[in-house]
Amino acid sequence: MESIVEYINGIIWSNALIFMCLGAGLWFTLRTRFMQIRGFAEMCRLTVRGQKSEAGVSSFQALAMSMAGRMGIGNIAGVATAIAYGGPGAIFWMWVMGFLGASTSYVESTLAQIYKVKDGEGRYRGGPAYYIEKAMGLKWYAAAFALATVVAAGFLLPGVQANAIADSAVAVMCSGADACASMGGASSMKLWIGIAVAVLLGVIIFGGVKRIASFAEVVVPFMALGFILMAIVVMMLNASKVPTMFADIFSSAFGAHAAFGGIIGQAIAWGVKRGIYANEAGQGTGPHAAAAAEVSHPAKQGYVQAFAIYFDTMLVCTSTAFLVLSTGMYNVFREVTVDGVQKLEAIVTGVPGVAPSEGALFTQAAVESVMPGWGAGFVALALFFFAFTTIMAYYYMAETNLTYLAGSNRTHPAATLVLRLGIMGMVVFGAFHNAKMAWALGDIGVGLMAWLNVIAILILQKPAMLALTDYERQKKQGLDPVFNPDALGIKNADFWRTNK
């Protein structure tokens with residue numbers, strides 16, 4: 001089974017997808033005239049402003065919901081895994097993906113706003129499935145994305161998050177074999193942790209989108225800032241190692257490092273791969289939350305979601321990288337062939353006996369090396385909040401696409417119940433399952449969505465560009481921009497004609 005999953009994963013995450021994601025980000029950066037730089041002040045202003053209504057959430061709540069999806073274990077375990085397979089240079093390529101991904105996020109989030117709808121309960125819904133159908137007119141393509149998202153967000157991705165929660169918790173509670181045995185063994189502990197997380201998740205998701213938004217609005221900013229502060233403290237305590245850390249990142253990114261020069265291809269591949277997994281630019285997840293926002297112009301939410309990529313990659317992911325690299329608590333692996341069999345060989349050993357797929361343990365070891373006794377527990381707690389809010393956001397994405405597939409703008413109660421129970425079941429399953437398998441399944445889900453969405457937004461980019469030009473023109477006139485799709489020649493933006 002594992003070999004089949006790895007084979008499928010290898011096909012989906014071929015170089016074609018990696019270069020397509022990088023290429024799309026570069027193209028959108030040029031097309032928007034570097035809006036992620038020019039519009040940075042506007043991003044910050046719009047993030048803290050905005051209104052909400054009975055139908056939609058505020059811009060900040062939409063940001064928090066999207067950040068809940070973006071800031072999962074990819075920010076902790078994923079970054080460490082990228083270093084394990086691609087060396088320190090993978091972080092540079094993750095930064096590149098974050099910078100370029102901000103413009104990609106603008107395009108997909110603005111499209112989601114332009115083509116959003118009101119569902120049967122009067123709430124805003126939108127995302128790639130909606131803009132693919134309305135702008136491209138290809139309902140089969142839209143249905144393919146919706147189905148892929150229901151499967152990925154509802155059943156494949158939650159297991160990755162739950163597995164990391166369980167692994168990090170067990171690493172703290174099991175200080176030794178005897179401690180694990182007294183608690184029924186590590187597998188038993190993981191099972192009970194999975195059940196507890198599933199029950200807590202049920203309390204949130206059975207309350208609907210408003211409860212999800214309210215929870216994310218409170219939890220996400222505090223957990224992110226707390227983690228960033230921790231990274232700053234660790235770097236200050238390891239200040240003498242910081243210059244070497246930066247030197248390793250840049251030298252290995254371009255193949256100049258003595259030890260890591262031979263894996264430059266892996267550095268790029270894993271930097272992009274985990275960059276997409278962490279910030280989700282182009283993956284098609286962010287647009288679901290973006291569409292739920294109450295705004296007067298679609299570009300407003302495009303700006304806000306572009307800022308989300310900066311915050312996620314440049315601050316949170318970078319914090320993890322600095323934690324791991326400044327303390328030296330990481331392994332870098334390369335594939336070698338021994339007697340015709342492919343094996344992983346450690347180039348650098350910081351945490352003996354830890355597999356590259358168990359990235360969260362590197363981060364725990366990094367903080368524990370500086371703050372013994374409670375560092376690993378802090379990371380486990382941070383990882384719990386990161387992963388739990390991500391699972392919560394996955395449910396919202398899956399529910400939105402289930403609503404689309406229902407075709408009546410109102411999900412059938414039985415289908416919704418199956419989805420809720422299904423995602424809770426996958427949380428329990430993922431908690432005690434093999435970490436490598438969980439990551440591979442998650443990568444398949446991310447890759448399928450990225451393929452379908454990036455191709456779509458490359459084709460459908462024009463309305464997002466028109467919206468950006470229109471927004472900037474109205475801002476120069478001193479106006480609070482208001483969207484009129486007819487004036488821009490944008491068709492099928494029905495919400496903006498009937499509700500504004």
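Each remark here, short or long, concerns the structure printed above.
Since this is a predicted model, take the numbers as computed values, not measurements.

Rules used throughout
Residues numbered from 1 in each chain as written. Predicted model: local features only at pLDDT ≥ 70, side-chain atom pairs only at ≥ 80, totals over all residues. Heavy atoms only, no water. Patch = residues over 30% accessible without salt bridge, like charges linked within 9 Å, V, L, I, M, F, W, Y side chains within 5 Å. Areas by Shrake-Rupley, 256 points an atom, 1.4 Å probe, with all protein chains shown as cover. Salt bridge = Lys/Arg side-chain N within 4 Å of Asp/Glu carboxyl O. Helix = DSSP H or I, 4+ residues; strand = E, 2+ residues; numbered from the N terminus. Axes fitted to C-alpha atoms, helices over the stretch in contact; angles between N-to-C directions. Parallel < 35°, antiparallel > 145°, perpendicular 65-115°, else oblique. Left-handed = near helix turned anticlockwise from the far one by under 90°. Nonpolar A, V, L, I, M, F, W, Y, C, P; charged D, E, K, R; others polar. Polar contact = N/O pair within 3.5 Å; in protein donor to acceptor, adjacent residues only side chain to side chain. Buried < 20%, exposed > 50% of the residue type's maximum accessible area, 1.4 Å probe, protein only.

1. A few points about a nonpolar patch on the surface
- A surface patch of nonpolar side chains, about 630 Å² in accessible area, is lined by Leu-191, Trp-192, Ile-195, Val-199, Val-203, Phe-429 and Phe-432.
- Where the nonpolar patch is concerned, the elements lending two or more residues are helix H11 (186–205) and helix H19 (413–432).
- For the nonpolar patch, the element with the most residues is H11, which contributes five residues.
- Mapping Val-199 onto the fold places it in helix H11.

2. Focus on the packing of helix H9 (residues 139–173) against helix H18 (residues 375–406)
- It is at 8 Å that the axes of H9 and H18 come closest, and there the two elements cross at 160°. As far as their axial angle goes, H18 and H9 are roughly antiparallel. Where H9 crosses over H18, the handedness of that crossing is left-handed.
- Classifying every residue of the contact of H9 with H18 by side-chain character gives 27 nonpolar, seven polar and one charged.

3. Here we look at the side chain of Gln-305
- Considering the arrangement of structural elements, one finds Gln-305 in helix H16 (residues 298–327).
- Here Gln-301 takes part through its side chain, which lies 2.6 Å from a polar atom of the side chain of Gln-305.

4. Structural notes on unusual backbone geometry
- Positioned with a positive phi, Arg-33 is a non-glycine residue whose angle comes to about 55°.
- With respect to the helices, strands and loops of the structure, Arg-33 is situated in the loop between helix H2 (15–31) and helix H3 (35–38).
- A residue is classified by how much of its surface remains accessible, and Arg-33, at 42% relative accessible area, is partly exposed.
- Even without a glycine there, the phi angle at Phe-34 is positive, about 55°.
- Assignment of secondary structure puts Phe-34 in the loop between H2 and H3.
- Note on Phe-34: relative accessible area 35%, which makes it partly exposed.

Keep in mind these numbers describe shape, not what the thing actually does.
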